[in-house]
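Inside the fold
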Amino acid sequence: MPEADSSKAEKNFYTDVPQTSEAFFLKGSNSYDWGMKNRLSRIFNPTSGKTVMLAFDHGYFQGPTTGLERPDITILPLAPHADALMLTRGVLRSVIPPSLNKATVLRASGGPSILKELSNERIAMDMEDAVRLNACAVATQVFVGGEYETQSVINLTTLIDRGNRVGMPVLGVTAVGSEMVRDAKYIRLATRMCAELGAAFVKTYFVPDFETVTAACPVPIVIAGGKKLPEREALQMAFDAINRGAAGVDMGRNIFQSEAPVAMIRAVRSVVHENTRPERAYELFLDLKEHPTRDHHE
């Protein structure tokens, strides 16, 4: 039993100070429950409102991707510089140390390999396992316009229903097949569908007129890095996306396939969180590439 409060000091109830509640910093998220907001606050930096996610879940459908042959060697040096890691539960358990205190976004869909129709995905992870692994969100692919469009949408809504029961945000990832036109009209359609169906945030591609995509989507959007670009171009893309309303980046190949991956993720952080201009960020990249131990402010 705790001891009784025997202090003789006069109690102070601060009757002249009204209790306040701060508005949640993230777009479209103010009405979520405490647990979901807390998880999102680990993915998105509450000060900048942005995130640098490191995506290395590629192996769930294409096997040992170039740069990911040994994630224990190539990814672990990058992880401390990311706000969140997007990965599979298999790599999380087998490679990522539990002592690494980083937010995780777990790939929750799967099924076909690159040898089959990719839109034929199913839910591939139980929500209970995401909670067991202390994930901050789960992710599923949505193939708007794909052969199995409806199935992928139902995957999303099923995960959202299960996630809402336990306070787990769901990331809707818009997949663009090779036969689809990757333009603002299509991206507006796909991202808005994900948001309308309940996704807490959406991952999509940067396209011309991207400001119309972010304006039309009532939840945060993070951009995919996509195919490997020269470092200067990738930094320009990140800068343009942030300044057209993106809430962050979820980059993979443009970081782990870079000629200097740690320097690249640090330069990307500078763009996302400090709005560093691309030319300055590229100078930072070159300097960190040459002097990897130099202590630049991040």
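To keep things clear, this report deals only with the structure shown in the data block. (Residues numbered from 1 in each chain as written. Predicted model: local features only at pLDDT ≥ 70, side-chain atom pairs only at ≥ 80, totals over all residues. Heavy atoms only, no water.)

1. As for the packing of aromatic side chains
For the structure on display, the rule yields five aromatic pairs. On the basis of an interplanar angle of 80° and a centroid distance of 5.4 Å, the ring pair of Phe 44 and Phe 201 is categorised as edge-to-face. With Phe 44 in the loop between helix H1 (34-43) and strand E1 (51-55) and Phe 201 in strand E8 (residues 201-204), this residue pair connects regions lying 157 residues apart in the sequence. The pair formed by Phe 44 and Phe 201 is uniform in burial state, with each residue classed as buried. Sitting over the ring of Tyr 205, Arg 182 keeps its end group 3.8 Å from the ring centre. (Phe/Tyr/Trp six-rings, centres within 6.5 Å; stacked < 30°, edge-to-face > 60°. Helix = DSSP H or I, 4+ residues; strand = E, 2+ residues; numbered from the N terminus. Buried < 20%, exposed > 50% of the residue type's maximum accessible area, 1.4 Å probe, protein only. Lys NZ or Arg CZ within 6 Å of the ring centre and 35° of its normal.)

2. Here we look at the pattern of salt bridges
For the coordinates displayed, the defined rule picks out 16 salt bridges. Arg 192 serves as the salt-bridge partner of Glu 196, at 2.7 Å between the closest nitrogen and oxygen. Placement of both Glu 196 and Arg 192 in helix H7 (residues 184-196) is noted, with a separation of four residues, approximately one turn of the helix. A single network of salt bridges, built from pairs that share partners, joins Arg 89, Arg 93, Glu 128, Asp 129 and Arg 132. (Salt bridge = Lys/Arg side-chain N within 4 Å of Asp/Glu carboxyl O.)

3. Describing helix H9 (residues 231-242)
Here H9 contains 12 residues, and its C-alpha end-to-end distance of 17 Å stays within 8% of the 16 Å for a straight helix at 1.5 Å per residue. For H9, the buried fraction is high: nine of the 12 residues fall into the buried class. Here H9 has its buried residues at Glu 231, Ala 234, Leu 235, Met 237, Ala 238, Phe 239, Asp 240, Ala 241 and Ile 242. (Expected span 1.5 Å × (residues − 1).)

4. Concerning helix H12 (residues 278-290)
An α-helical turn contains 3.6 residues, so any two residues separated by three or four positions project in the same direction. Along its 13 residues, H12 runs 18 Å from first to last C-alpha, staying within 8% of the 18 Å computed at 1.5 Å per residue. Considered for burial, the residues of H12 that qualify are Pro 278, Ala 281, Leu 284, Phe 285, Asp 287 and Leu 288. Residues of H12 that are buried make contact with H9 and helix H11 (261-274). (Contact = heavy atoms within 4.5 Å.)

5. Some thoughts on the packing of H11 against H12
It is the contact of H11 with H12, at a shortest axis distance of 8 Å, that shows an interaxial angle of 150°. Here H12 runs roughly antiparallel to H11, going by the angle between their axes. For the element pair H11 and H12, the recorded crossing hand is right-handed. Taking contact as the criterion, the partners of Ala 263, Met 264, Arg 266, Ala 267, Ser 270 and Val 271 in H11 are, on H12, Ala 281, Leu 284, Phe 285, Leu 288 and Lys 289. Residues that form the contact of H11 with H12 fall into these classes: eight nonpolar, one polar and two charged. (Axes fitted to C-alpha atoms, helices over the stretch in contact; angles between N-to-C directions. Parallel < 35°, antiparallel > 145°, perpendicular 65-115°, else oblique. Left-handed = near helix turned anticlockwise from the far one by under 90°. Nonpolar A, V, L, I, M, F, W, Y, C, P; charged D, E, K, R; others polar.)

6. Considerations on the environment of Thr 140
For Thr 140, the location among the structural elements is in strand E6 (residues 137-142). Sequence-wise, Thr 140 and Val 202 are 62 residues apart; in three dimensions their C-alpha atoms are separated by 10.0 Å. With residues near it in sequence (within four places) discarded, Thr 140 still touches Arg 107, Ser 109, Asn 155, Leu 156, Leu 159, Leu 171, Gly 172 and Val 173. Reaching out from Thr 140, the side chain makes a polar contact with the side chain of Ser 109 at a distance of 3.5 Å. (Polar contact = N/O pair within 3.5 Å; in protein donor to acceptor, adjacent residues only side chain to side chain.)

7. Overview of the environment of Leu 40
The topology assignment puts Leu 40 in helix H1. By relative accessible area, which is 0% here, Leu 40 ends up buried. Residues in contact with Leu 40, not counting those within four places in the same chain, are Phe 24, Leu 26, Ser 29, Tyr 32, Pro 169, Ala 200 and Phe 201.

8. Things to note about a nonpolar patch on the surface
Nonpolar side chains collect at one region of the surface, where Ile 114, Leu 115 and Leu 118 lie side by side and expose about 310 Å² of accessible area between them. Inspection of the secondary structure puts Leu 118 in the loop between strand E4 (109-110) and strand E5 (122-123). For Leu 118, a relative accessible area of 32% corresponds to the partly exposed category. (Patch = residues over 30% accessible without salt bridge, like charges linked within 9 Å, V, L, I, M, F, W, Y side chains within 5 Å. Areas by Shrake-Rupley, 256 points an atom, 1.4 Å probe, with all protein chains shown as cover.)

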